[in-house]
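One letter stands for each residue in the lines below.
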Amino acid sequence: MSSGSGGVLVRRRAESDLGGCVRVLGDVHRLDGYPVNWPECPGAWLAPSGLLVAWVAVWEGRVVGHVGLCRAEPGDAAPGLWGGGAGAVAVVSRLFVAAGARGRGVGALLVARAVREAAGRGLHPVLDVVASDAAAAALYERLGWVLLGSVVQRWSAEQVVSVRCYAAPVAGGG
């Protein structure tokens with residue numbers, strides 16, 4: 001568990017948090033279009049098969065943010081651009097913050113927690129973000145993440161999406 005400014009608490013996600021996470025995710029989807037495609041089962045989307053661990057941010061007794069850390073899966077673009085093989089990285093995923101909690105450092109706290117966990121497992125954190133999500137890209141760049149490149153992915157027969165791939169800064173600045 002870790003605390004941030006403004007009384008925000010980041011802790012491991014519990015099963016009982018999923019309802020609150022889905023509510024916040026729905027609000028974020030309506031406001032920002034994330035995720036791009038609303039999942040048929042949002043609770044399951046928050047717990048993909050490659051999930052290693054997930055956290056929530058809690059403020060004033062409510063879930064206001066979420067992040068997961070996953071094993072690299074086929075189709076993840078950033079691990080391939082980072083190099084070293086899928087076994088050398090962990091993918092930061094499912095990051096979102098409630099609109100009313102933004103500007104309090106919640107996103108940065110969640111990302112930092114995922115980065116610490118990845119490092120503790122001897123893995124380097126990477127992620128993909130839809131290229132049109134300028135706010136997310138700005139957050140990662142503000143936190144020092146390195147743009148590895150952009151790729152075009154076919155998500156379905158009708159949907160082609162450009163994603164930006166990032167890697168966390170290397171510890172020690174190198």
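A short tour of the structure in this document, coming up. Residue positions are counted from 1 within each chain, in the order its sequence is given. Since the coordinates come from a predicted model, pLDDT governs what is reported: local features require at least 70, and pairs of side-chain atoms require 80 or more to be given and counted, while whole-chain, interface and lining totals use all residues. Just so you know, side-chain values use all the structure's heavy atoms and leave hydrogens and water out.

Counting from the N terminus, the helices are the DSSP runs of H or I reaching at least four residues and the strands are the DSSP runs of E reaching at least two. Secondary structure assignment for the protein yields five helices and eight strands. What you see in the protein, going N to C, is helices and strands ordered as β-β-α-α-β-β-α-β-α-β-α-β-β. The reference for a compact globule is 2.2 Å times residues^0.38; the radius of gyration itself is calculated from the C-alpha atoms. In terms of overall size, the protein behaves like a compact globule, its C-alpha atoms giving a radius of gyration of 15 Å where 174 residues would be expected to give roughly 16 Å. Think of it in three bands: with a 1.4 Å probe and only protein chains considered, a residue is buried below 20% of the maximum accessible area for its type, exposed above 50%, and partly exposed in between. Looking at the protein as a whole, 45% of its 174 residues are labelled buried. Restricting the contact set of the protein to residue pairs at least 6 apart, pairs at least 24 apart contribute 62%. Surface exposure here means Shrake-Rupley accessible area, sampled with a 1.4 Å probe, where a residue is shielded only by the protein chains that are shown. With an accessible surface of roughly 8,500 Å², the protein has 54% of that area assigned to carbon and sulfur atoms. Charged residues are defined narrowly, with Lys and Arg counted positive, Asp and Glu counted negative, and His plus the chain ends left uncounted. Where a charge sits is defined by one atom per residue type, namely NZ (Lys), CZ (Arg), CG (Asp) or CD (Glu). Positive and negative charge centroids in the protein, built from 16 and 13 side chains respectively, lie 6 Å apart. Here a residue-residue contact requires only that any non-hydrogen atoms of the pair lie within 4.5 Å.

If you check helix α1 (residues 18-32), its first and last C-alpha atoms are 20 Å apart, about what 15 residues at 1.5 Å a residue would give, namely 21 Å. For α1, the complete set of buried residues consists of Leu-18, Gly-20, Cys-21, Val-24, Leu-25, Gly-26 and Val-28. Buried residues along α1 sit in contact with α2 (42-45), β3 (51-59), β4 (62-71) and β5 (89-97). Of the residues one or two after α1, Gly-33 is the one with positive phi, at around 80 degrees. Expected span of a helix, by definition, is 1.5 Å for each gap between consecutive residues, and there is one gap fewer than residues.

It is worth spelling out the nonpolar core at this point. Counting residues in each nonpolar core, the largest one holds 41 residues, and the members touching the most others are Trp-55, Leu-69, Val-106, Leu-110, Tyr-140 and Trp-145. Listing elements by their share of this core, those giving two or more residues are α1, β3, β4, β5, α4 (106-120), β6 (124-130) and α5 (134-142). With six residues, β3 is the largest single contributor of residues to this core. Beyond its immediate stretch of four places on either side in the chain, Trp-55 contacts Val-10, Arg-11, Arg-12, Arg-13, Gly-65, His-66, Val-67, Leu-69, Leu-110, Arg-113, Ala-114 and Glu-117. Definition of nonpolar core: a set of buried residues of the types Ala, Val, Leu, Ile, Met, Phe, Trp, Tyr and Cys, connected through side-chain atoms within 4.5 Å.

On to the environment of Gly-100. Looking at the secondary structure, you find Gly-100 in the loop between β5 and α4. Linking Gly-100 and Gly-26, residues 74 residues apart in sequence, is a C-alpha distance of 14 Å.

Of the pairings in the sheet, the one linking strand β7 (residues 146-154) to strand β8 (residues 160-167) comprises eight bridges and is antiparallel in character. The residue of β8 that forms the bridge with Leu-147 is Tyr-166. Two strands are counted as paired when DSSP detects at least two bridges linking them.

Another point: the pattern of salt bridges. Salt bridge, as applied in this entry: a Lys or Arg side-chain nitrogen positioned within 4 Å of an Asp or Glu carboxyl oxygen. On inspection of all chains with the given rule, the structure shows seven salt bridges. Between Arg-102 and Asp-32 there is a salt bridge whose closest N-O contact spans 2.5 Å. Placement of Arg-102 in the loop between β5 and α4 and of Asp-32 in helix α1 is noted, with a sequence separation of 70 residues between them. Classification of Arg-102 by relative accessible area gives partly exposed; the value is 36%. By relative accessible area, Asp-32 is classed as partly exposed at 41%. Among the ionic pairs, Arg-62 bridges to Glu-60, the shortest N-O distance being 3.9 Å. Classification of Arg-62 as partly exposed rests on a relative accessible area of 45%. Under the relative-accessibility criterion, Glu-60 is labelled exposed at 59%. Within this structure, Arg-113, Glu-117 and Arg-121 form a network of salt bridges that share partners.

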